[in-house]
Amino acid sequence: MIERRAISCFVTGTDTGVGKTFVSTALLHALARHHKLVVGMKPVAAGTTLVHGSEVNDDVLALRAASTLAVPAALENPVLLPDAVSPHVAAARAGRTIDIAHIVACHRQLLQLADAVVVEGAGGFLVPLSESETGADLAQALGLPVVLVVGLRLGCLNHALLTLEAIRARGLSLAGWVANHVDPAMLAQDDNIRFLQQHLNAPLLARMAWQRVPDAQAITMALPLAWR
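So, here is what we can say about the structure in this document. Nothing here was measured: the structure is a model prediction, and the numbers come from that model. (Residues numbered from 1 in each chain as written. Predicted model: local features only at pLDDT ≥ 70, side-chain atom pairs only at ≥ 80, totals over all residues. Heavy atoms only, no water.)

1. Quick notes on the pattern of salt bridges
With the rule as written, the count across this model stands at eight salt bridges. In this structure, lysine 42 and glutamate 120 form a salt bridge, with 2.9 Å as the shortest nitrogen-oxygen distance. Within this pair, whereas lysine 42 is found in the loop between β2 (38–41) and β3 (44–46), its partner glutamate 120 is found in strand β7 (residues 116–124), the two being separated by 78 residues in sequence. Of the two residues examined, lysine 42 and glutamate 120, each falls in the buried class. Between aspartate 190 and arginine 207 there is a salt bridge, with its nearest N and O atoms 2.3 Å apart. Of the two residues, aspartate 190 sits in helix α8 (residues 189–199) while arginine 207 sits in strand β10 (residues 204–208), which places them 17 residues apart along the sequence. Judged by its relative accessible area of 39%, aspartate 190 falls in the partly exposed class. Since its relative accessible area comes to 42%, arginine 207 is described here as partly exposed. Connected through shared salt-bridge partners, Lys42, Asp59 and Glu120 make up one network. (Salt bridge = Lys/Arg side-chain N within 4 Å of Asp/Glu carboxyl O. Helix = DSSP H or I, 4+ residues; strand = E, 2+ residues; numbered from the N terminus. Buried < 20%, exposed > 50% of the residue type's maximum accessible area, 1.4 Å probe, protein only.)

Right, dumping it as structure tokens:
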């Protein structure tokens, strides 16, 4: 029996609010052009709203809408926390513990169901999940190639290079990065992108122009050859 080998990646960002969900949904749409069964995973989601009597998270809903495979909610989002704060604080407030081993087990199940799984991290790469573990520990446990979302705004060069160092320190590879123009007024955007192309040593998968109404399906994503 041939073991199923699904494609999977871990999406992180230079900060919170830089467009990880937008990029993750764009990746799902791009992967769906080459693979039948694609699914998004948000291991830890903090912040919910009440919709039709159920607590839901906007990021989880966006990933679900961009997926072509429906899976149990407990697999696509193992940890759902009510408060929109740092995961370690949200978990403490909810009386929950974020169990990395359980998340890895859920991801393993998704790999058996799908052709491609896009995992969106919470916050930045080193966001705390508890007093002793971070998002980097989760990424390391999953052992996936990383896609880095760089929010193009003042300070992004420092944030991108620091995140790259943290990714490499965990023994992970940077599969590619995405330039997301989160600040349309930022000066010297082209100069910043050229610098990052020279120093990140990974392919630029997409350059996302600032959009008043974001449309992930309209993004041209240069997927690595191994993912096509």
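What follows picks up the thread again.
2. Concerning the nonpolar core
Core analysis: the largest hydrophobic core is formed by 45 residues, its most contacted members being Phe10, Ile98, Phe125, Val150, Leu152, Leu174 and Trp177. With sequence-adjacent residues up to four places away left out, leucine 174 is seen in contact with Val146, Leu148, Leu164, Ile167, Leu200 and Ala202. Val38, Ala66, Val118 and Ala206 belong to the second largest nonpolar core, which has 28 residues in total. (Core = buried A, V, L, I, M, F, W, Y, C linked by side-chain atoms within 4.5 Å. Contact = heavy atoms within 4.5 Å.)

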